[in-house]
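Residues per chain are reported as follows:
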Amino acid sequence: MFYTRLKTIRIVYVTAGLLAGLFLVSCERNKSTSPEARQRFEGIIPKPVSANMTGNTFTLTEDTKVVTSGSVEGVDNVARFLIDKLKPATGFNLEKSSDGKEGKNSILLSISKDAELGAEGYELTVSEDQIKITANSPVGLYWGAQTLRQLLPAEIENSKSAANASWEIATGTIRDYPRYSWRGSMLDVSRHFFGVEDVKRYIDLISLYKMNVLHLHISDDQGWRIEIKSWPNLANIGGRTQVGGGKGGYYTQEDYKEIVNYASSRHITIIPEIDMPGHINAALVSYKELNPGPSINREPASARPNRPVAGQVYTGTEVGFSTLDVRKEVTFKFVNDVLRELAAITPGPYLHIGGDEAAVTKKPDYIAFINRFKDIVKANGKRMVGWEEIAQGDVDSTVIVQHWHSQQYARMAAEKGAKLIFSPAQKVYLDMQYDSTSKLGLHWAAYIEVDSSYMWDPATRVDGIDASQILGVEAPLWSETVVTMDDIEYLVFPRLPGVAEIGWSKSDGRDWNEYKVRLANQAERWDVLDIDYYRSPKVPWDTSVDQQDNKKDTTSTASK
Ligand code: NGO
């Protein structure tokens, strides 16, 4: 009797214990979405096509596995990228498996067929015990992985030491694909030189916002920045200095290949620009025979004492004083050799020939130049890209014209059937000052605050251009006033994520007042990434849940 009662009590206890345990387990599994995880899910930049939360939480742990399925080349690289990105901050060395099994506590990457997602889109589904990213291609999976980064707490960006955070992600589904195929930025490494490590950091920063093009402006009046083996003085002499007279520098072809490979691992295409026939002084300094004959040098230098003299080392910032000579055959030997060597180390399909501000090139000569450049680029198996002035030449649907200043040239390019990319200086020149007090930058086009750089649309910017001719957007950073990586970051952030959103997200419903809150929430990520951003008064920086809860000191800036 006594024994039976004891047994009953024990059964009751055990059952109660089991039930309590089950309850706890189910509570843990059904942990509702925290305000922070919700804010991250709703705050993704660029804004996804659709994002719906289901109210629970997935927690990344050291036992989470990254699983790939299918044998498409490149999927494994995305898995590796994700594991490497998550490791420093979490301290987890996540196991990778390629058996495609959708186990519990896993991140599954798989290739699917989903026409709506197109070449770069992805679907990301988060449930309590699994994350699944599907896409038609590795690049789509990669953008899905970038979204996943933004869904995790900002501390995930700590690349130096393990951070103390609970790695929670809101459950739900995101379906996403870009509006434009060309979403880029340009870095001017000629006016001031930036080395390989700086360029890699720049690649990582633009990639976080799903940009897929990096245009490198590698030659200008002040400096030639790429080794050309058949014309060695270009780099050896032409690369010796920069604006302000600093020591300059150049990329060896091996350096350049390293940049190209790094970019390609981030699904970014490098577009090299040799600016011709103007902006060519560094080459004229390197090889005297490239200097124009007497018919071009119309004015003696004494007639314009304050203007730079072509053919002499130049460390100022004036433009439009140098040109190649269309009548010299050596000019075309030079152009052929340079573009041939560059094409050979550039896997991307484009070569940019510049073409802007050739103020001392006679118009018929200019047109003859552009037409010959086009043939040379084509003969090297590439597509020609050039600044909008090239619309004066025989541009056709194989040519890409980069609009920066003149609506007339943009329309001329469109009428001739060319494709266009949009870099309107008044909106997306990242070298423009934010306002008259900005510590860096120029203002010839405009002062561009963050709201202004976000509030425009490529489809309506220039009348009379068919939407099908617009490939996308590119935000250039010219470096006349930009000397260090911190300088780059100050001008680029917080404007660049907005340009990325203009390129990626649909325009319906795009609204500054909604966007500025998402932008503000990125700031804690930038702090962890050590980005020296400009704390614009237009952005409500203290809207993050964390900052509201803890009443953090919002007066301290991110300045290093
Ligand atoms: C212009 C000019 C560049 C300057 C830049 C400064 C173009 C296409 N050409 O843009 O040489 O560096 O402005 O904002």
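Residues numbered from 1 in each chain as written. Predicted model: local features only at pLDDT ≥ 70, side-chain atom pairs only at ≥ 80, totals over all residues. Heavy atoms only, no water.

**Points about the sheet that holds strand S15 (residues 470–477)**
Strand order around the closed barrel formed by eight strands is S8-S9-S10-S11-S12-S13-S14-S15, with parallel pairing between neighbours. With direction set aside, neighbouring strand axes in the sheet form an average angle of 30 degrees. As paired elements, strand S11 (residues 350–354) and strand S12 (residues 383–387) share three bridges and run parallel to each other. Note that in S12 the partner of Tyr-350 across the bridge is Arg-383. (Pairing = 2+ DSSP bridges. Helix = DSSP H or I, 4+ residues; strand = E, 2+ residues; numbered from the N terminus. Axes fitted to C-alpha atoms, helices over the stretch in contact; angles between N-to-C directions.)

**What about the environment of Ser-69?**
Following the sequence through the fold, Ser-69 ends up in strand S2 (residues 65–69). Between the C-alpha atom of Ser-69 and that of Ser-110, which follows or precedes it by 41 residues, the distance is 5.1 Å. Beyond its immediate sequence surroundings of up to four residues, Ser-69 is in contact with Gly-100, Leu-109, Ser-110 and Ile-111. (Contact = heavy atoms within 4.5 Å.)

**So, the domain arrangement of the chain**
Its domain assignment divides the chain into domain 1 (35–176) and domain 2 (182–528). Counting residues at the interface gives 28 residues for domain 1 and 25 residues for domain 2. Between domain 1 and domain 2, a total of about 2,300 Å² is buried, with carbon and sulfur atoms accounting for 56% of that surface. On the domain 1 side of the contact with domain 2, Ile-45, Pro-46 and Trp-143 bury the most area, a combined 29% of that side's loss. Taking the shortest distance from any N to any O, the salt bridge between Glu-514 and Lys-47 comes out at 3.1 Å. One can count 15 residue pairs in polar contact (both at pLDDT 80 or more) joining domain 1 with domain 2. Elements represented by at least two residues in the side of domain 1 that touches domain 2 include exactly helix H2 (35–42) and helix H4 (138–151). (Domains from an automatic or database assignment. Buried area = accessible area lost by both parts, 1.4 Å probe. Salt bridge = Lys/Arg side-chain N within 4 Å of Asp/Glu carboxyl O. Polar contact = N/O pair within 3.5 Å; in protein donor to acceptor, adjacent residues only side chain to side chain.)

**Quick notes on the site of the ligand**
By nearness alone, 14 residues border the ligand, and Arg-191, Asp-356, Tyr-429, Asp-431 and Glu-480 come closest of all. In this structure, Trp-444 approaches the ligand through a side-chain N or O atom, which is 2.8 Å from an oxygen atom. Here the residues of the shell around the ligand sort into eight nonpolar, one polar and five charged. (Near = heavy atom within 4 Å. Nonpolar A, V, L, I, M, F, W, Y, C, P; charged D, E, K, R; others polar.)

**Describing the packing of helix H9 (residues 329–344) against helix H10 (residues 363–379)**
It is at 10 Å that the axes of H9 and H10 come closest, and there the two elements cross at 35 degrees. Here H9 and H10 pass one another in a crossing that is right-handed. In this structure, H9 uses Glu-329, Thr-331, Phe-332, Val-335, Asn-336 and Leu-339 to contact H10, whose residues at the interface are Phe-369, Arg-372, Phe-373, Ile-376 and Val-377. (Left-handed = near helix turned anticlockwise from the far one by under 90°.)

**Regarding the nonpolar core**
If you look at the biggest cluster of nonpolar residues, it comprises 106 residues, and the most contacted ones within it are Tyr-202, Leu-214, Trp-224, Ile-226, Tyr-251, Met-276 and Phe-334. When near neighbours in sequence (up to four residues on either side) are disregarded, Tyr-202 contacts Ser-185, Leu-187, Leu-214, Leu-430, Met-485, Ile-488, Val-492 and Leu-496. Counting 38 residues, the second-largest nonpolar core is a separate cluster that includes Ile-44, Leu-151, Ile-169 and Ala-170. (Core = buried A, V, L, I, M, F, W, Y, C linked by side-chain atoms within 4.5 Å. Buried < 20%, exposed > 50% of the residue type's maximum accessible area, 1.4 Å probe, protein only.)

**Considerations on the packing of aromatic side chains**
All told, the structure shown has 27 aromatic pairs when counted by the stated rule. The interplanar angle of 10 degrees and the centroid separation of 6.3 Å between the aromatic rings of Trp-404 and Tyr-429 together place this pair among those described as stacked. Residue Trp-404 is located in the loop between strand S13 (400–403) and helix H11 (407–415), and its partner Tyr-429 is located in the loop between helix H12 (425–428) and helix H13 (450–454); the two are separated by 25 residues in the primary sequence. The class for Trp-404 is buried, based on a relative accessible area of 8%. On the basis of an interplanar angle of 85 degrees and a centroid distance of 5.7 Å, the ring pair of Tyr-434 and Tyr-490 is categorised as edge-to-face. Taken together, the residues span a long stretch of sequence, with Tyr-434 in the loop between H12 and H13 and Tyr-490 in helix H15 (residues 485–492) at a distance of 56 residues. Here Tyr-490 falls in the buried class, since its relative accessible area comes to 9%. What links up through ring pairs into an aromatic cluster is the set Tyr-209, Phe-493, Trp-526, Tyr-533 and Trp-541. (Phe/Tyr/Trp six-rings, centres within 6.5 Å; stacked < 30°, edge-to-face > 60°.)

**Considering the pairing of strand S6 (residues 130–135)**
With respect to burial, S6 is a largely interior element, five of its six residues being buried. Here strand S4 (residues 106–111) pairs with S6 via six bridges, running parallel. Each bridged residue has a counterpart across the sheet, and for Ser-110 the counterpart in S6 is Thr-134. Sheet analysis places strand S5 (residues 122–127) next to S6, joined by six bridges and oriented antiparallel. What sits directly across from Val-126, in S6, is Ile-131.

**Comments concerning the environment of Trp-387**
For Trp-387, the location among the structural elements is in strand S12. Accessibility expressed as a relative area gives 1% for Trp-387, which makes it buried. Not counting residues within four places of it along the chain, the set of residues in contact with Trp-387 comprises Met-186, His-215, Glu-273, His-352, Gly-354, Gly-355, Asp-356, Gln-402, Trp-404, Tyr-429, Pro-476 and Trp-478.

**Some words on the side chain of Gln-522**
Within the secondary structure layout, Gln-522 lies in helix H17 (residues 512–528). Ignoring any residue separated from it by four or fewer positions in sequence, one finds Gln-522 in contact with Gly-43, Ile-45, Gln-150 and Tyr-209.

**With respect to the sheet that holds strand S1 (residues 50–59)**
Within the open sheet, the seven strands sit side by side as S1-S7-S5-S6-S4-S2-S3. Their pairing is mixed. Strands at the two margins of the open sheet, each flanked by one partner only, are S1 and strand S3 (95–97). For this sheet, the mean angle separating the axes of adjacent strands, direction not counted, is 20 degrees. Sheet strands in contact with H2 are S1 and strand S7 (168–176), and its direction is about 20 degrees off that of S7.

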